[in-house]
Amino acid sequence: MRKDRYGAGLSLAASLVLSVFCGFAVYAAMGFVYAIGDDVIMRDIVSGAFTGKPDGHAIFMKYALGFVLSRFYLLNNHIDWYGFFMAGTLFLALAVILYRGLSAEKSLLWKGAYAGVAVGLFTAVMVFHAAQFEWTVSAAMLGASGLYLYATGTKQGKGQYILEEILIWLLLFLTFCIRPDVFFMVMPGFGISFLWKFVKSGKERKICFQELILPAAVFLTAGVVTLIEASAYGEEGWKEFQKFQAARTQVYDYSGIPSFEANPAFFEELGLSEHEARNLRHYALYLIEGMDREMMEALSEESMRQNALETRLFGRMKEGITLAWGQFVHKEYFPASLPTLLFFIGILVLAFLYERRALVPLALFWGAEGIFWLALGFVGRLPERVAFSLHLIALLAMGAYFYRLYQKAESRIPQKGKAAAVSGILVLCLAAAVFQWKTAAASNAEKIARDGNYQLFKTACKEEPENIYFVETFMAEPVGGAAVTGRGDFRQNNCVTLGDWYSTSPLDEERFEALGIENAEETILTNPNAYLVVRDVEDTGFLGSYFAYKYPKLSLVLRDVKVIEDRYYYLYQVQR
């Protein structure tokens, strides 16, 4: 056992070293950048930039993980711990994939070829998402790599077996904490692999109960994390917000914002004008009088009613299938979908030649995946990050099935055929890796130049902490663009968006209290240090229309212009 554990430990150490080197290479060459605003907001919450002190209530992420990350900002509040963690999880997953090949009882040449293919394929598929990371993709990569390690496990010594069980548990624990939805997306693959590996064939069929320890540990841990979550969000304010959040999600993520023109009587009953309905479309929730859980639930019901009138059941089914198929075959996902297709073809070839019963788990997996694709397409929730996560899970599942079949059939494959195939795959992977590296570097530079500008504006505003800057939500949060750094400024932001998914939460109330805001609209009207911010164009747009309608005796006056690199931020105030 000691020899087995020692060898597995060395393989894991070598894998970690190689993956850390890959991570440093990406960070040094192009940096890590936040792809979307959701991660930026969660980073601001755990770092203290949101309320003024680090907090584990990241809302979308489990509190257990959010709390741990927030403690690191207490140790050093200049290092972007959240960003390094989220980007780093991708390279932890790479280490696990490398470990599988490096721990195999093979020659050094075989292990070198495996490592070359793994690193080349990882770079081709993931370098863009490592350079521009998203929490959903990080969770998917962790869960999928755990599935890969689990499905490729074969007979091994006790020490190596325990090590791999711990690794899989850790990967699934992190997946669940980062995004529970993704955790459940990878579960069918684990279930199918479990049944295929441990339901014995022969005269009697039995489950190896030793193998129940891992799933029991995983679900026990998930239960504990869920209990911690319930305790962290147990106060009445959080319960009220969660109801608000469910209704907001229905409106902004699923059925859409209800149209004023389609039912003006509904808005009149709520006491909302056409201008406030327009504010709703701009996510300016703070500029809607009386916005609370009950109003959002009413908007949610009207949204679903209008959506049902516009699209009948069969129409929605057709749209869902069209969306799912479009995301499944879209060229944007070729770096992941094409290798998946090649693995799938390889599995079919090996299965028909050597082990046809392997077609059963293959069919079960794609049946489960198909259900996910169609269900998410039906509800209209297949944005890029979710679709890519499904592609990623499929890629590593197919990679695992191919690896397992290849291990069984390797001795029967002609040596020359293996050498030619491996050489061709290596060249293809490295060529794809070089191409994707150049593409990712160019995209990252463009992302930082375009979207990172607002992050620079936020930092510049912190130099005038007495001021409060109200900005349009769609100008700020959806774009990401923040660069991960070890010299960050995580003092409290005094740039306040006019609404978002955290609106009405206890965190939001705490933030407003720290900034001296009782009511956002009243602050804009009365605080001499409050500004409305418009970017690029000297036009107040919907903000000007709203204030002109509601306060006809007042006017918005341009007070200052901040220039951040080549972009202009126009600062307006209300003049009485």
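Preceding this paragraph is the structure being described.
Points about the overall build of the chain
Thinking step 1. Along the backbone of the chain there are 23 helices and 7 strands.
Thinking step 2. Here the C-alpha radius of gyration of the chain, 26 Å, is about what a compact globule of 576 residues would show, namely 25 Å.
Thinking step 3. C-alpha extents for the chain along the principal axes are approximately 85 × 50 × 45 Å.
Thinking step 4. When the accessible surface of the chain is summed, it comes to about 26,300 Å², and 63% of that surface belongs to carbon and sulfur atoms.
Thinking step 5. Each charge class in the chain was averaged separately, 53 positive and 58 negative side chains, and the resulting centres sit 15 Å apart.

Considerations on the state of the cysteines
In a disulfide, the sulfur atoms of two cysteines are held together by a covalent bond.
Thinking step 1. Overall, the coordinates contain 0 disulfides when judged by the stated rule.
Thinking step 2. Cys-495 supplies the cysteine sulfur nearest to Cys-461, a cysteine that is in no disulfide, at a spacing of 3.7 Å.
Thinking step 3. A relative accessible area of 0% means that Cys-461 is categorised as buried.
Thinking step 4. The exposure class assigned to Cys-495 is buried, which follows from its relative accessible area of 7%.

Description of the nonpolar core
Thinking step 1. Counting 163 residues, the largest nonpolar core has Tyr-82 and Phe-470 as the members making the most contacts within it.
Thinking step 2. The biggest single contributor to this core is helix α17 (residues 384-409), with 17 residues.
Thinking step 3. When sequence neighbours within four positions are dropped, the list of residues in contact with Phe-470 reads Val-496, Leu-498, Ile-517, Ala-520, Thr-523, Ile-524, Ala-530, Tyr-531, Leu-532 and Val-533.
Thinking step 4. If you look at the next biggest cluster of nonpolar residues, it comprises 12 residues, including Tyr-469, Val-471, Val-533 and Leu-571.

Concerning the pairing of strand β5 (residues 530-535)
Thinking step 1. Counting buried residues in β5 gives 6 out of 6 residues, a clear majority hidden from the surface.
Thinking step 2. Side chains Ala-530, Leu-532 and Val-534 of β5 all project onto a buried face; the interleaved residues Tyr-531, Val-533 and Arg-535 project onto the opposite face, where all are buried too.
Thinking step 3. By the bridge criterion, 4 bridges tie strand β3 (residues 468-471) to β5 in an arrangement that is parallel. Bridge pairing in β5 links Tyr-469 to Tyr-531.
Thinking step 4. Here β5 runs beside strand β7 (residues 567-575); their pairing, made up of 4 bridges, is antiparallel. Among the inter-strand pairings, Leu-532 is bridged to a residue of β7, identified as Tyr-572.

Here we look at the packing of aromatic side chains
Thinking step 1. Under the definition given, this model contains 44 aromatic pairs.
Thinking step 2. With centroids separated by 6.3 Å and ring planes inclined at 90 degrees, the aromatic side chains of Phe-365 and Tyr-401 adopt a geometry described as edge-to-face. With Phe-365 in helix α16 (residues 359-378) and Tyr-401 in helix α17, the pair connects residues that are 36 residues apart, well separated along the chain.
Thinking step 3. Of the residues examined, Tyr-401 reaches a relative accessible area of 11% and is grouped as buried.
Thinking step 4. In this structure an aromatic cluster arises from ring pairing among Trp-325, Phe-328, Phe-344, Phe-365, Trp-366, Trp-373 and Tyr-401.
Thinking step 5. Directly above the ring of Tyr-34 sits Arg-43, whose terminal nitrogen or CZ lies 5.0 Å from the centroid.
Thinking step 6. Its guanidinium or amino end placed over the ring of Trp-110, Lys-106 lies 5.6 Å from that ring's centre, counting from NZ or CZ.

What about the environment of Gly-488?
Thinking step 1. Examined against the element boundaries, Gly-488 turns out to sit in the loop between α20 (473-476) and β4 (495-497).
Thinking step 2. A sequence separation of 238 residues divides Gly-488 from Gln-250, and the C-alpha atoms of the two residues are 35 Å apart.
Thinking step 3. When residues no more than four places from it in sequence are discounted, the contact partners of Gly-488 are Asn-77 and His-78.

Points about the sheet that holds β4
Adjacent strands of a sheet pair through backbone hydrogen bonds, lying either parallel or antiparallel.
Thinking step 1. Pairing in this open sheet of 5 strands is mixed, and the strands run β4-β3-β5-β7-β6 from one edge to the other. Strands with a single pairing partner mark the edges of an open sheet, and in this sheet they are β4 and β6 (555-564). Sheet twist, expressed as the average angle between the axes of neighbouring strands with direction ignored, equals 35 degrees.
Thinking step 2. Sheet analysis places β3 next to β4, joined by 3 bridges and oriented parallel. Note that in β4 the partner of Val-471 across the bridge is Thr-497.

A closer look at the packing of helix α2 (residues 37-47) against helix α3 (residues 63-75)
For any two helices packed against each other, one specifies the inter-axial angle together with the distance between the axes.
Thinking step 1. Running from amino to carboxyl end, α2 crosses α3 at an angle of 65 degrees, the nearest separation of the two axes being 8 Å. Of the residues in α3, those in contact with Arg-43, Val-46 and Ser-47 of α2 are Gly-66, Ser-70 and Tyr-73.
Thinking step 2. In terms of residue class, the contact of α2 with α3 is made up of 2 nonpolar, 3 polar and 1 charged.

Quick notes on a nonpolar patch on the surface
Thinking step 1. A grouping of Phe-334, Leu-338, Leu-341, Leu-342, Ile-345, Val-349, Leu-353 and Leu-428 is seen on the molecular surface, where their side chains present a nonpolar patch of about 740 Å² in accessible area.
Thinking step 2. Among the elements that take part in the nonpolar patch, helix α15 (residues 334-354) stands out by supplying 7 residues, more than any other.
Thinking step 3. Take Val-349: it is sitting in helix α15.
Thinking step 4. Here Val-349 falls in the partly exposed class, since its relative accessible area comes to 44%.

Here's the deal with α3
Thinking step 1. Given a rise of 1.5 Å per residue, 13 residues ought to cover 18 Å, and the 19 Å separating the end C-alpha atoms of α3 matches this to within 8%.
Thinking step 2. Among the residues of α3, those classed as buried are Tyr-63, Ala-64, Leu-65, Gly-66, Leu-69, Ser-70 and Tyr-73.
Thinking step 3. If you follow the buried residues of α3, they end up packed against α2, α4 (81-102), α7 (158-178) and α9 (213-232).

Points about unusual backbone geometry
Thinking step 1. A positive phi angle, near 75 degrees, is found at Thr-504, a position not held by glycine.
Thinking step 2. Mapped onto the secondary structure, Thr-504 falls in the loop between β4 and α21 (506-515).
Thinking step 3. Classification of Thr-504 by relative accessible area gives partly exposed; the value is 29%.

About the cut-offs
- Residues numbered from 1 in each chain as written.
- Predicted model: local features only at pLDDT ≥ 70, side-chain atom pairs only at ≥ 80, totals over all residues.
- Heavy atoms only, no water.
- Helix = DSSP H or I, 4+ residues; strand = E, 2+ residues; numbered from the N terminus.
- Rg over C-alpha atoms; globule rule 2.2 N^0.38 Å.
- Areas by Shrake-Rupley, 256 points an atom, 1.4 Å probe, with all protein chains shown as cover.
- Lys, Arg positive; Asp, Glu negative; His and termini not counted.
- Charge placed at Lys NZ, Arg CZ, Asp CG, Glu CD.
- Disulfide = S-S within 2.5 Å.
- Buried < 20%, exposed > 50% of the residue type's maximum accessible area, 1.4 Å probe, protein only.
- Core = buried A, V, L, I, M, F, W, Y, C linked by side-chain atoms within 4.5 Å.
- Contact = heavy atoms within 4.5 Å.
- Pairing = 2+ DSSP bridges.
- Phe/Tyr/Trp six-rings, centres within 6.5 Å; stacked < 30°, edge-to-face > 60°.
- Lys NZ or Arg CZ within 6 Å of the ring centre and 35° of its normal.
- Axes fitted to C-alpha atoms, helices over the stretch in contact; angles between N-to-C directions.
- Nonpolar A, V, L, I, M, F, W, Y, C, P; charged D, E, K, R; others polar.
- Patch = residues over 30% accessible without salt bridge, like charges linked within 9 Å, V, L, I, M, F, W, Y side chains within 5 Å.
- Salt bridge = Lys/Arg side-chain N within 4 Å of Asp/Glu carboxyl O.
- Expected span 1.5 Å × (residues − 1).

Function cannot be inferred from these measures alone, as they are strictly geometric.
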